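Geometric and topological summary
What follows is the residue order along each chain.
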Amino acid sequence: MKYFSSTRSAILYLSYDGILEPLGESQVVNYLERLSVSYDITLISFEKRSDISSESRLLKFRERLDKIGIHWHPLRYHKSPAVLSTAYDVARAWWYAWRWQRRHQSGIAHARGYVAGLVALLVKQRPRIRFLFDMRGFWPEEKVEAGHWTRSSIPYRAAKWCERHFFERSDAIVSLTEAGVRQFMTLGYQIGPDVPVKVIPTCVDMHRFCSGTRDQSLVDSLGLAGCTVIGCVGTMSGWYLRKEMLAYLALFASQVANVKVLVVTREDHHCLQTDAALAGLDAGRLVLVRATFEEMPSFVRLMACGLFFIRPTFSKKGSAATKLGEFLACGVPVVINAGVGDSDRIVRDGRAGVVLPDISQKSFEDSMEAVQAMLADSDTQHRCRRTAQDIFDLDQGVRSYKTLYNQLLRETHINEL
């Protein structure tokens with residue numbers, strides 16, 4: 001045991017998501033900052049042009065990671081032409097991964113997602129490198145369900161071939177949800193009996209996202225004084241059911257007095273205003289703002305309730321919305337739809353919100369009484385915070401990764417004896 005506590009073992013962390021984006025900062029950097037105390041971490045990430053072109057932000061993150069000893073290689077993300085651009089990105093990442101492999105005779109290649117998994121598989125050619133597949137959902141099925149691929153297409157078949165190799169050649173697997181793990185047996189892959197499978201959801205820094213008094217200056221500047229605020233944060237398109245979310249908000253605003261709808265998003269505000277009007281949401285009820293990653297907790301604490309609907313498909317059984325943990329950590333209950341990962345079970349078990357069985361108008365109307373009762377319940381905030389602490393605490397997530405890392409490193413050491 002002394003071997004692992006005294007030696008900073010090498011970790012190559014591969015992320016196709018950029019850490020300069022709010023999601024990457026939340027779900028990559030927050031973990032690695034804590035893990036870097038115990039491990040020698042090299043990070044390869046892919047950054048979008050709009051993010052990497054900001055020299056001040058790039059320098060800020062460079063200094064932040066250098067300070068804690070994380071070796072960061074930010075690569076440009078390429079979106080087109082499809083498939084070829086991804087192959088180009090993989091080739092570039094592999095060059096840096098190969099150099100890491102040359103420097104470190106043993107360690108862990110931690111792949112966050114499928115594209116990162118391709119690079120990790122190449123690194124795994126060295127016998128003392130362990131491959132951790134952090135799957136983040138069923139990506140090939142997601143591409144089909146989004147309408148980008150068909151099941152007979154070459155990209156889909158290639159992705160499924162890769163998926164099989166990820167599952168069958170990994171030394172450990174991480175899933176965001178229990179619901180996702182239950183689907184593994186349907187894939188038909190031969191996962192080794194000794195391969196650990198760990199569920200680690202999208203966790204939240206409970207010190208940043210916490211319950212507390214509302215920022216009065218924000219309340220005044222946004223015109224929210226005396227209002228019941230229902231809110232949405234982050235993405236409202238793609239897998240999020242934007243039309244249905246706005247329709248629900250319009251219904252809620254028509255049935256509850258003094259309601260304001262606060263939407264904190266980087267998406268096009270003009271388009272949102274147009275879509276909200278089409279859904280019947282009065283313009284005077286809608287407040288649209290943009291916020292940085294640092295500002296987000298203050299905006300979430302303004303809300304009495306959070307809302308998001310996600311299209312319930314097979315691929316989403318393995319997905320977990322980061323915003324769920326953020327709402328609950330701030331003591332804010334949620335209104336969500338069923339069928340996405342573990343979210344409905346978590347909310348029901350924790351009595352931390354209202355789960356709609358579907359997104360029909362009838363379900364919308366039937367939920368109104370339950371939502372108003374939830375808002376009137378003085379213990380709701382405490383239940384939400386307690387649920388977040390039990391399931392989404394970032395410190396707990398980091399401990400889970402450390403346990404997994406140490407198990408893989410210990411096995412490598414034992415095999416060498």
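The structure we're discussing is the one just above.
Below you will find a few notes about this structure. (Residues numbered from 1 in each chain as written. Predicted model: local features only at pLDDT ≥ 70, side-chain atom pairs only at ≥ 80, totals over all residues. Heavy atoms only, no water.)

A separate point is the overall build of the protein. Each helix and strand counted, the protein has 18 helices and 13 strands in total. For 417 residues, the compact-globule estimate of 2.2 N^0.38 gives 22 Å, and the C-alpha radius of gyration of the protein, at 22 Å, lies within 12% of that figure. Structurally, the protein occupies a C-alpha span of about 70 × 50 × 40 Å along its principal axes. Evaluated residue by residue, the protein yields a buried proportion of 54% over its 417 residues. Within the protein, contacts between residues at least 6 apart in sequence are counted, and of these 75% link residues at least 24 apart. As displayed, the protein offers around 18,400 Å² of accessible surface, 52% of which is attributable to carbon and sulfur atoms. (Helix = DSSP H or I, 4+ residues; strand = E, 2+ residues; numbered from the N terminus. Rg over C-alpha atoms; globule rule 2.2 N^0.38 Å. Buried < 20%, exposed > 50% of the residue type's maximum accessible area, 1.4 Å probe, protein only. Contact = heavy atoms within 4.5 Å. Areas by Shrake-Rupley, 256 points an atom, 1.4 Å probe, with all protein chains shown as cover.)

Bringing unusual backbone geometry into the picture now. Where the residue is not glycine, phi is negative for most of them; where a peptide bond is considered, it is trans in most cases. Ser-80 connects to Pro-81 through a cis peptide bond whose omega is -5 degrees. Considering the arrangement of structural elements, one finds Pro-81 in the loop between β3 (71-76) and α5 (84-103). Notably, Val-83 is not glycine yet its phi reads approximately 70 degrees, a positive angle. Checked against the element boundaries, Val-83 lands in the loop between β3 and α5. The class for Val-83 is partly exposed, based on a relative accessible area of 48%. Look at Asn-258: it is not a glycine, yet its phi comes out positive at around 55 degrees. Tracing the chain through its elements places Asn-258 in the loop between α11 (242-255) and β9 (259-264).

Strand order across the open sheet formed by six strands is β10-β9-β8-β11-β12-β13, with parallel pairing between neighbours. Both edges of this open sheet fall to β10 (286-289) and β13 (353-356), since each of them pairs with a single strand only. Between one strand axis and the next, the sheet turns through 25 degrees on average, direction left out of account. Across two bridges, strand β8 (residues 228-233) lies against strand β11 (residues 305-308) in parallel orientation. Residue pairing in the sheet places Ile-230 in a bridge with Cys-305 of β11. (Pairing = 2+ DSSP bridges. Axes fitted to C-alpha atoms, helices over the stretch in contact; angles between N-to-C directions.)

For the rest of this paragraph, the subject is the packing of aromatic side chains. The tally for this structure, following the rule as stated, stands at 23 aromatic pairs. Relative to Tyr-401, the ring of Tyr-31 has its centre 5.6 Å away and its plane inclined at 90 degrees; by these criteria the two rings are edge-to-face. Of this pair, Tyr-31 sits in helix α2 (residues 22-35) while Tyr-401 sits in helix α18 (residues 394-416), and the two are 370 residues apart along the sequence. Residue Tyr-31 is classed as buried on the basis of its relative accessible area, which comes to 5%. (Phe/Tyr/Trp six-rings, centres within 6.5 Å; stacked < 30°, edge-to-face > 60°.)

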